[in-house]
Amino acid sequence: MSKVNLDPYDHQFHWDPYPHYKAARDNDPVYFYEPGGFWLLTKWEDVNRAFRDFKTFINTGAVALEADANEKLPYPMFIGSDPPDHTRQRKLFAPMMTPQGLSKIEDWIRQKAIALLEPHVAAGRMDLVADMACFLPMDVISNMISVPDADQDKVRGWADDLIARDDKQVDLGERNVSGYTNLAQYFERHSALHGESARGDDLLGILMRAQAEGAMSHPEVIGAMILLAVAGNETTTKLIGNMAYRLWQHPEQRQVLVDNPSLIATAIEEVLRFDGSSQIIVRRVGQDVEMRGKHLKKGDRVGLCIISANRDEEKYENPNTFDIRRGSRDHMAFGFGIHSCLGAALARLETRVVFEELLKRIPNYEIDESGLRRAHNPNVRGFTHVPVTF
Amino acid sequence: MVAITFIEHDGTKHTVDAAVGTSLMEAATTNMLPGIVGMCGGICSCATCHCYLPESWQGKTQPAGPGEQSMLEAVYEPRANSRLGCQVAITEAMDGLEVLLPKEQV
């Protein structure tokens, strides 16, 4: 077993975790990560089972990998609940998060994306994440919950604080807790400001109405807002960065998209499979279970390594080949089943619009690899800086 | 609660108690029934909760909206009575409903 060394808290690991995941799939697919005291599942079949068997692999108490997360991050998020409680809350948001429900904001997203890109076109250089991708998802979420423009930078900064990990930092640190506290305090003020008035059909209206009618408790509403600020923001930013990077690595495939923008949606599915921005999804063991000879006990924490599952050679032919025409429909980049990412259609929409506008303007961008920088977190994986010239 | 019966392609029947207000997809997946996947969790994005609603029950549900109709173009063996389970909300009037499932979902 000495060949396997999975360490989602090791900064170096984030640059190219795929060979390590392959070694784990081949040699020790149900891996116990000693420093953090949790399991890591790496095979598609095992991860898929954990997603589907929601009574054995539960979400209650599984907000993060860290053992102290429930004490340090106390607001209940519906992502950390199970049916029927989970179903009740998720249902409030699902209708507006369908492709049809989101279609009315596509033009708005497009104008925002164009406004972020245009000022840089003449300069011949920009940072695709720091100048664009970090702003757009926060702008979209802010618009949905009425966070004013002037507050967006600090809300995004707190979300960054919450996820940032020092090298090999296995426990939640002061910066993480302070980011969380700042977000919670901000959204407490925000909900006090809008609690009596917001009743529209946007996300804020849905939350405030749910609170007023008792469909959600006040802490659940705050938890949902924190979740939006993190999940709706960090992962889409990183997905856009990962796509920019992979298309640059495969210029002939990038050219196919320049020539046929209608293929961008299919290409996004391959980026999600090949290099999704969510590395690990968390569960707790709800009842003792044996997997591949390992005994997982009730209460154990489990990380579902979806970026490993999506490269499983038993599931995908040539899994390490990036092919924008592959069109796999069963990757688990957004999870799978009842807890599957509620914002998946929004992430797809934002990413599609960005690349439609980006490739129209700067089809042949070159990445300066020496300037690439990463966010470091066990769950979210992607760049903070992708400097390009064109 | 109302009783909903899901019938697999091979005729195997599964009857579950479902809460009014939940969807047919949720009734199936929260009971971990075979034959329905529900990959996207109900945001009308994956077309893996495809089912056939008997004609006699069609008047008891809201018709498919444009988003659902567009996703139904991608399912295996679509029929005139095809629906996505995630878009069919369960009502009191559906007690006793029998839902047929297709041979494949993906």
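As shown above, the structure is provided for reference.
The notes below deal with the structure included here. Not measured: the values here are computed from a predicted model.

How each quantity is defined
- Residues numbered from 1 in each chain as written.
- Chains lettered and ligands numbered in written order.
- Predicted model: local features only at pLDDT ≥ 70, side-chain atom pairs only at ≥ 80, totals over all residues.
- Heavy atoms only, no water.
- Helix = DSSP H or I, 4+ residues; strand = E, 2+ residues; numbered from the N terminus.
- Rg over C-alpha atoms; globule rule 2.2 N^0.38 Å.
- Buried < 20%, exposed > 50% of the residue type's maximum accessible area, 1.4 Å probe, protein only.
- Contact = heavy atoms within 4.5 Å.
- Areas by Shrake-Rupley, 256 points an atom, 1.4 Å probe, with all protein chains shown as cover.
- Lys, Arg positive; Asp, Glu negative; His and termini not counted.
- Charge placed at Lys NZ, Arg CZ, Asp CG, Glu CD.
- 1 Å grid on protein atoms, 1.4 Å probe; cavity = no way out; pocket = protein on both sides within 12 Å on 5 of 7 lines; lining within 4 Å.
- Points joined across faces, edges and corners; volume = space filled by probe spheres on them.
- Nonpolar A, V, L, I, M, F, W, Y, C, P; charged D, E, K, R; others polar.

Topic: the overall build of chain B
Within chain B one finds two helices and five strands. Its helices and strands in sequence order give chain B the pattern β-β-α-β-α-β-β, from N to C terminus. Taking 2.2 N^0.38 as the reference for a compact globule, 106 residues should give roughly 13 Å; the C-alpha atoms of chain B span a radius of gyration of 12 Å, in line with that estimate. Projected onto its principal axes, the C-alpha positions of chain B cover 30 × 25 × 25 Å. Per-residue burial for chain B yields a buried fraction of 56% across its 106 residues. Restricting to contacts in chain B with at least 6 residues of sequence separation, those with at least 24 account for 65%. Element-wise, carbon and sulfur atoms account for 51% of the exposed surface of chain B, whose accessible area totals about 4600 Å². Here chain B contributes 5 positively and 12 negatively charged side chains, and the mean placements of these two sets differ by 6 Å.

Re helix α9 (residues 136–145) of chain A
Taking burial as the measure, the ten residues of α9 of chain A include nine buried ones, the bulk of the element. Phi turns positive, to about 60 degrees, at S146 of chain A, one or two residues after α9 of chain A.

Looking at the side chain of E66 of chain A
Residue and element names in this part refer to chain A. Tracing the backbone through its elements, the reader meets E66 in the loop between β3 (57–58) and α4 (69–72). A residue is classified by how much of its surface remains accessible, and E66, at 2% relative accessible area, is buried. The contact partners of E66, leaving out residues within four places of it in the chain, are Y9, R165, V170, D171, L172, R301 and P378.

With respect to unusual backbone geometry
Note the cis peptide between P83 of chain A and P84 of chain A, where omega equals 5 degrees. With phi around 60 degrees, K168 of chain A is a residue other than glycine that occupies positive phi space. Located in the positive-phi region is E77 of chain B, a residue other than glycine, with phi close to 50 degrees. One can find E77 of chain B in the loop between α2 (66–72) and β4 (82–84). Overall, the relative accessible area of 39% leaves E77 of chain B in the partly exposed class.

Describing the layout of surface pockets
Its volume calculated, the largest pocket comes out at about 810 Å³. P99, E269 and R348 of chain A together with S45 and M71 of chain B are the residues nearest the centre of the largest pocket, which is lined by 28 residues in total. Elements supplying a minimum of two residues to the lining of the largest pocket: α6 (99–102), α16 (264–275) and α18 (344–361) of chain A. Here the element with the most residues in the lining of the largest pocket is α18 of chain A; it accounts for five residues. Class assignment for the residues of the lining of the largest pocket results in 14 nonpolar, nine polar and five charged.

Bear in mind that shape data such as this cannot, by itself, settle questions of function.
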